[in-house]
Amino acid sequence: QKEVEQNSGPLSVPEGAIASLNCTYSDRGSQSFFWYRQYSGKSPELIMSIYSNGDKEDGRFTAQLNKASQYVSLLIRDSQPSDSATYLCAVRRTAYGNKLVFGAGTILRVKS
Amino acid sequence: DAGVTQSPTHLIKTRGQHVTLRCSPISGHKSVSWYQQVLGQGPQFIFQYYEKEERGRGNFPDRFSARQFPNYSSELNVNALLLGDSALYLCASSLDVNYGYTFGSGTRLTVV
């Protein structure tokens, strides 16, 4: 079992729709969770962080965390073609020097 | 303010050679981490340094080494390069080990 799992996609949504990206993790003791966006050929860009159960909203983005189910999600409202990218879920593992463990990423395609 | 800067941006090396990659963190950031990203995968943790001390090491062979300087910049060294070392090498900095990480634009290493 991988430490952080994501559906590789691609996830295709029409412009203006809600894109829902999901991530599960195996270490029940994990405390910090991050979503990064990575455009093709570019480096990852931090878009959301979440540390406690529930929802966290920032503009068109909402991160959701359920520690009991070991599940993190990212919702993108009013999806735009510029949102087309790979979305990486990352979990901080404090047992190894606070390293981030990344999933393989979900490719999102927003069709205009 | 300048973000995380990495040099060089691209590099082509021959098998068996040595390479040094450089990273300057965001001003005021004391933690620097290195990640390797191969195509189609999420970044993999290599090292973390905080206040010039190694705080974590990933599952990479001893051919990989790093250090952090008094000005918090960092170098990643890879000896005896293999074809499989071809990847995007990412440096990330943060204020402290418990904060979110900001990535540099990366160094694309190709080993031929």
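Up top you'll find the structure we're talking about.
Analysis parameters
- Residues numbered from 1 in each chain as written.
- Chains lettered and ligands numbered in written order.
- Predicted model: local features only at pLDDT ≥ 70, side-chain atom pairs only at ≥ 80, totals over all residues.
- Heavy atoms only, no water.
- Contact = heavy atoms within 4.5 Å.
- Buried area = accessible area lost by both parts, 1.4 Å probe.
- Salt bridge = Lys/Arg side-chain N within 4 Å of Asp/Glu carboxyl O.
- Polar contact = N/O pair within 3.5 Å; in protein donor to acceptor, adjacent residues only side chain to side chain.
- Helix = DSSP H or I, 4+ residues; strand = E, 2+ residues; numbered from the N terminus.
- Nonpolar A, V, L, I, M, F, W, Y, C, P; charged D, E, K, R; others polar.
- Buried < 20%, exposed > 50% of the residue type's maximum accessible area, 1.4 Å probe, protein only.
- Pairing = 2+ DSSP bridges.
- Core = buried A, V, L, I, M, F, W, Y, C linked by side-chain atoms within 4.5 Å.
- Disulfide = S-S within 2.5 Å.

1. Quick notes on the interface of chain B and chain A
Then comes step 1: Opposite the 20 residues of chain B that make contact, chain A presents 18 residues.
Then comes step 2: With both chains or domains summed, chain B and chain A bury close to 1,400 Å², and 51% of this area falls on carbon and sulfur atoms.
Then comes step 3: Linking chain B to chain A there are zero salt bridges.
Then comes step 4: Put simply, chain B and chain A have five residue pairs in polar contact (both at pLDDT 80 or more) between them.
Then comes step 5: Of all the secondary-structure elements, those providing two or more residues to the side of chain B that touches chain A are β4 (31–37), β5 (44–50), β6 (53–57) and β9 (87–94) of chain B.
Then comes step 6: Of the residues belonging to the side of chain B that touches chain A, the class tally is nine nonpolar, 10 polar and one charged.

2. Observations concerning the side chain of B:Arg63
Then comes step 1: Inspection of the secondary structure assignment puts B:Arg63 in the loop between β6 and β7 (64–68).
Then comes step 2: With sequence-adjacent residues up to four places away left out, B:Arg63 is seen in contact with B:Asn77, B:Val78, B:Asn79, B:Ala80, B:Leu81, B:Leu82 and B:Asp85.

3. Some points on the pairing of strand β4 (residues 33–38) of chain A
All names here are of chain A.
Then comes step 1: Within β4, six of the six residues are buried, which leaves the element mostly enclosed by the surrounding structure.
Then comes step 2: Judged by which residues are buried, β4 turns out to be covered on both faces: Phe-33, Trp-35 and Arg-37 on one side and Phe-34, Tyr-36 and Gln-38 on the other are all buried.
Then comes step 3: Bridge count between β4 and strand β5 (residues 45–50): five bridges; the pairing is antiparallel. Its bridge partner being in β5, Arg-37 is matched across the sheet by Glu-45.
Then comes step 4: In sequence, β4 turns back onto β5 through a hairpin of six residues, with Gly-41 there showing a positive phi of about 80 degrees.
Then comes step 5: Bridging between β4 and strand β9 (residues 85–93) involves six bridges; their strand directions are antiparallel. Along β9, the bridge assignment pairs Tyr-36 with Leu-88.

4. What about the nonpolar core?
Residues and elements named next belong to chain A.
Then comes step 1: Formed by 24 residues in total, the largest nonpolar core has its most connected members in Trp-35, Val-72, Leu-74, Ile-76 and Tyr-87.
Then comes step 2: Counting residues per element, the ones that place at least two in this core are β3 (19–25), β4, β5, β7 (61–66), β8 (71–76), β9 and β11 (106–111).
Then comes step 3: Sequence-distant contacts of Ile-76, that is, excluding residues within four places in its chain, are made with Ala-17, Ile-18, Ala-19, Leu-21, Arg-60, Phe-61, Asp-83, Tyr-87 and Leu-108.

5. Re the state of the cysteines
Then comes step 1: Here the structure, examined in full by the defined rule, presents two disulfides over all chains.
Then comes step 2: The side chain of A:Cys23 participates in a disulfide bridge whose partner is A:Cys89; the two sulfur atoms lie 2.1 Å from each other. Of note, the bridge from A:Cys23 to A:Cys89 carries an S-S torsion of about -70 degrees and is left-handed in sense. In this pair, A:Cys23 is assigned in strand β3 and A:Cys89 in strand β9, connecting sequence segments 66 residues apart.
Then comes step 3: A residue is classified by how much of its surface remains accessible, and A:Cys89, at 0% relative accessible area, is buried.
Then comes step 4: Disulfide pairing is shown between B:Cys23 and B:Cys91; the S-S distance is 1.8 Å. Disulfide B:Cys23-B:Cys91: the torsion about the S-S bond is -65 degrees, which places it as left-handed. With B:Cys23 in strand β3 (residues 19–24) and B:Cys91 in strand β9, this pair connects stretches of sequence that are 68 residues apart. Across the pair, B:Cys91 and B:Cys23 agree in class, each one buried.

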